Amino acid sequence: NVSAHIVGQSQNTKLYKLLVDELQLATDESMFLDDLFEHGLLFLHVDPIHADAITKIEQQIKKSLTELPDLIADEDISRAIKQVSVGHLVQGENL
């Protein structure tokens, strides 16, 4: 869940800002984690502005994921951990 929050689970993430605000290739981007027993699956959903933008969006996603380790700041990790913790508290789950 922390990785989903860092990468693209809100409008404050780098990927959302890049695809929607800066490059204006998409109208929305969202991400969620399907957490299983031993593994999880991270889903990314992007609503492109038009079909011609899909290839550029794919390229930007690949580039962003490749550069991700260098772009994540400690404050991004701290914020994501807090968001996940609050979500678990709201749902009544233990961490």
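Here is a short report on the structure shown in this document.

For helix α2 (residues 14-22), the full list of buried residues reads Leu15, Tyr16, Leu18, Leu19 and Val20. One side of α2 carries all its buried residues, which in axial view fall inside an arc of 170 degrees. Following α2 by one or two positions, glutamine 24 adopts a phi angle in the positive range, close to 50 degrees.

With respect to the helices and strands, serine 64 occurs in helix α3 (residues 54-71). Not counting residues within four places of it along the chain, the set of residues in contact with serine 64 comprises Leu15 and Leu18.

Across nine bridges, the pairing between strand β1 (residues 26-35) and strand β2 (residues 40-48) is antiparallel. The residue bridging leucine 33 from the neighbouring strand is leucine 42, located in β2. Counting the residues that bridge the hairpin from β1 to β2 gives four residues.

Each value, and the rule that gives it
- Residues numbered from 1 in each chain as written.
- Predicted model: local features only at pLDDT ≥ 70, side-chain atom pairs only at ≥ 80, totals over all residues.
- Heavy atoms only, no water.
- Buried < 20%, exposed > 50% of the residue type's maximum accessible area, 1.4 Å probe, protein only.
- Helix = DSSP H or I, 4+ residues; strand = E, 2+ residues; numbered from the N terminus.
- Arc of directions from axis to C-beta.
- Contact = heavy atoms within 4.5 Å.
- Pairing = 2+ DSSP bridges.

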